[in-house]
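Here is what each chain is made of, one letter per residue.
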Amino acid sequence: PITTESVPKNVVDVGEGDCKGGSSPRSLQEGDSMRVSPSIHPQPQPARNMSVSRAMEDSCELDLVYVTERIIAVSFPSAANEENFRSNLREVAQMLKSKHGGNYLLFNLSEQRPDITKLHAKVLEFGWPDLHTPALEKICSVCKAMDTWLNADPHNVVVLHNKVSVRAVHVCSYLGVHGNRGRIGVVIAAYMHYSNISASADQALDRFAMKRFYEDKIVPIGQPSQRRYVHYFSGLLSGSIKMNNKPLFLHHVIMHGIPNFESKGAYTSPSLIGCRPFLRIYQAMQPVYTSGIYNIPGDSQASICITIEPGLLLKGDILLKCYHKKFRSPARDVIFRVQFHTCAIHDLGVVFGKEDLDEAFKDDRFPDYGKVEFVFSYGPEKIQGTDDVLALSLHPCLCPPHSQHPPTGMEHLENGPSVSVDYNTSDPLIRWDSYDNFNGHREDGMEGR
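In this text the structure is predicted, and so the values were computed from the model without any measurement.

Conventions and cut-offs
Residues numbered from 1 in each chain as written. Predicted model: local features only at pLDDT ≥ 70, side-chain atom pairs only at ≥ 80, totals over all residues. Heavy atoms only, no water. Salt bridge = Lys/Arg side-chain N within 4 Å of Asp/Glu carboxyl O. Helix = DSSP H or I, 4+ residues; strand = E, 2+ residues; numbered from the N terminus. Buried < 20%, exposed > 50% of the residue type's maximum accessible area, 1.4 Å probe, protein only. Pairing = 2+ DSSP bridges. Axes fitted to C-alpha atoms, helices over the stretch in contact; angles between N-to-C directions. Core = buried A, V, L, I, M, F, W, Y, C linked by side-chain atoms within 4.5 Å. Contact = heavy atoms within 4.5 Å. Phe/Tyr/Trp six-rings, centres within 6.5 Å; stacked < 30°, edge-to-face > 60°. Lys NZ or Arg CZ within 6 Å of the ring centre and 35° of its normal. pLDDT = per-residue confidence, 0-100. Parallel < 35°, antiparallel > 145°, perpendicular 65-115°, else oblique. Left-handed = near helix turned anticlockwise from the far one by under 90°. Nonpolar A, V, L, I, M, F, W, Y, C, P; charged D, E, K, R; others polar. Expected span 1.5 Å × (residues − 1). Polar contact = N/O pair within 3.5 Å; in protein donor to acceptor, adjacent residues only side chain to side chain.

## Details of the pattern of salt bridges
Inference 1: By the definition in use, this model includes ten salt bridges.
Inference 2: Measuring nitrogen to oxygen at the nearest pair gives 3.1 Å for the salt bridge that ties D363 to R365.
Inference 3: Among the charged side chains, a salt-bridge network with shared partners connects R86, R113 and D115.

## What to know about unusual backbone geometry
Inference 1: Each neighbour pair has its own omega, and for E309 with P310 the value is -5°, a cis peptide bond.
Inference 2: Within the secondary structure, P310 is located in strand β14 (residues 303-314).
Inference 3: Residue A284 is not a glycine yet carries a positive backbone phi of 55°.
Inference 4: You can see A284 is positioned in the loop between β11 (277-283) and β12 (286-290).
Inference 5: On the basis of relative accessible area, A284 is assigned to the exposed category, the value being 53%.

## What about the sheet that holds strand β17 (residues 349-353)?
Inference 1: Reading across the sheet, the four strands line up as β14-β9-β18-β17 and stay open at both edges, with antiparallel pairing between neighbours. This sheet does not close on itself; its edge strands, each paired only once, are β14 and β17. For this sheet, the mean inter-axis angle between neighbouring strands, taken without regard to orientation, is 15°.
Inference 2: Alignment of strand β9 (residues 248-256) against β14, held across eight bridges, turns out to be antiparallel. Across the sheet, M255 pairs through a bridge with I304, a residue of β14.

## Focus: the nonpolar core
Inference 1: Counting 74 residues, the largest nonpolar core has F107, L160, F336, F374 and F376 as the members making the most contacts within it.
Inference 2: Per element, the largest residue contribution to this core is nine residues, and it comes from helix α5 (residues 182-198).
Inference 3: With residues near it in sequence (within four places) discarded, F336 still touches M255, L320, K321, C322, L357, D358, A360, F366 and V372.
Inference 4: One finds F85, L89, L96 and I116 within the second-largest nonpolar core, a separate group that totals 18 residues.

## Observations regarding the sheet that holds strand β19 (residues 420-422)
Inference 1: Overall, antiparallel pairing links the three strands, which are arranged β10-β13-β19 in an open sheet. A single partner strand is all that each edge strand has here, and the edge strands are β10 (274-275) and β19.
Inference 2: Bridge count between strand β13 (residues 293-297) and β19: three bridges; the pairing is antiparallel. Bridging across to β19, I293 finds its partner in D422.

## A short note on the packing of aromatic side chains
Inference 1: Counted according to the given criterion, the structure contains eleven aromatic pairs.
Inference 2: Taken together, a centroid distance of 5.2 Å and an interplanar angle of 50° make the contact between Y229 and Y232 tilted. Separated by three residues within a single helix, Y229 and Y232 lie in helix α7 (residues 224-238), roughly one turn from each other. As far as burial versus exposure is concerned, Y229 and Y232 are alike and both buried.
Inference 3: In this structure an aromatic cluster arises from ring pairing among F340, F352, F374 and F376.
Inference 4: The residue whose ring lies beneath K163 is F85, and the NZ or CZ to ring-centre distance is 5.0 Å.

## Observations regarding the confidence of the model for the protein chain
Inference 1: Confidence along the protein chain averages 75 in pLDDT terms, with 67% of residues attaining 70 or more.
Inference 2: Ranking the helices and strands of the protein chain by mean pLDDT puts strand β6 (residues 104-108) first, with 97, and strand β1 (residues 11-12) last, with 28.
Inference 3: Note that residues 1-60 has pLDDT below 50 and, in this model, 149 contacts with residues that lie over four places away or in other chains.
Inference 4: Counting interchain partners and residues more than four positions distant, the pLDDT-below-50 stretch residues 388-412 has 43 contacts.

## Remarks on the packing of helix α3 (residues 136-152) against α7
Inference 1: The contact between α3 and α7 brings their axes to 10 Å, and the two run at 65°. As summarised for this structure, α3 and α7 are arranged roughly perpendicular, according to the angle between their axes. As α3 packs across α7, the resulting crossing turns out to be right-handed. Listed contacts from α7 to L136, I139, C140 and C143 of α3 are Y229, Y232, F233 and L236.
Inference 2: The residue makeup of the contact of α3 with α7, split by class, is eight nonpolar, no polar and no charged.

## Looking at α3
Inference 1: Under the 1.5 Å per step criterion, the end-to-end length of α3 is 25 Å for 17 residues, consistent within 8% with the ideal 24 Å.
Inference 2: Taken as a whole, α3 has its buried residues at L136, I139, V142, C143, A145, M146, D147, W149 and L150.

## Considering the side chain of S110
Inference 1: Among the structural elements, S110 can be located in the loop between β6 and α2 (114-119).
Inference 2: Residue class for S110 comes out buried when judged on its relative accessible area of 1%.
Inference 3: Polar side-chain contacts of S110 include one of 2.6 Å to the backbone nitrogen of K163.
Inference 4: Within the structure, S110 has its side chain in polar contact with the side chain of R183 (distance 3.4 Å).

## Regarding the side chain of K325
Inference 1: Inspection of the secondary structure assignment puts K325 in strand β15 (residues 317-325).
Inference 2: A residue is classified by how much of its surface remains accessible, and K325, at 14% relative accessible area, is buried.
Inference 3: A polar atom in the side chain of K325 sits 3.2 Å from the side chain of D427.
Inference 4: Once you skip the residues sitting within four places of it in the chain, K325 turns out to touch R276, F278, I293, A331, D427, L429 and I430.

## Focus: the pairing of β12
Inference 1: The sheet contact formed by β11 and β12 spans four bridges and is antiparallel. Bridge assignment links Q283 to a residue of β12, and that residue is Q286.
Inference 2: Hairpin connection of β11 to β12: two residues between the antiparallel strands, including A284 at a positive phi of 55°.

Put into structure tokens, the structure is as follows:
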């Protein structure tokens, strides 16, 4: 069983797996994590003493972190089978009850599960898909609920619960990083800014611990859109970002630096080597647009333009996901993903570089100069001087990242003759919505890395 003892102020948990081979475990400051596996049994410490049974699989690790004395982050691995996962759930619940009694409130950031509500008396559901950012309104709701609970009683604590998805593990493995606390990191960073607005001076140490946890544990592995939304939230709180209430109509998505997602094989025609991108656009996680499939040979142009006419009205939380439809199998890869909120968009031309694109930002197949441009207007009608607007893609250095008035008088961008478009999007592979039935434990089975 997991056991806890009283803890001196500002000291939490035991070593993070450094204590193999009989070496002495080290003390951790707030924000350090305790990663528990069956091969590691930390020795008792003056701080919290925790151990778990050997029922956990050798390949599984459970992260339990006291970010501050009153904010606890628990991240369950996806590698555990259902039986072991439920065992871990029970042991964590026993530890929380023995240490905090009825003074803890669990925030479930993953999909809903009936066993979570059975094991814990107080649960709030705030789940969203792994590797993504939650809606801006949801971030605000989480922070308000945390603040209300923590201020209601000085003994109250918050538990942030996260179960890492299988896809998140695959992506993190491909990117060469261990684990994924992205969902927890978004909440910690947002609450750090939220509490900074009204917090007293004696809470400065807690804010420092949250900042340290976010910068040390989350920033290296977090997705760009997650960091973007934390920036949005902080800017809206401080007033540095002004709300945009104007309607935005999306007319063009221009992709620079098309990656080569098909390797050349002995029986592969050179004309098939390249990429077959298509777009899915979501508003509030509901699909609102699907593009045709662009067939781009490997030796083709470095940029393509996807035009939407009449313009597509977008408002609120927007997700654009670009897929590659594989040549040889009925499957699709994610090329990149980007999330933004229209309230923070004040320019009619917006550029996201490689470092701003989820999954692509550490993908060697996506060139460093790669970027995605969005061309908006305030109405659905075709933009006057569209030829001039699109010309910026031929000379991106002439158009600053957030230029509202792109330069004019340049050559019209046209997709080259080698680029063909298949507008038959009835294929289930294209229409399939990977966000359907999120709380039904559905995995992105058709998607590879």
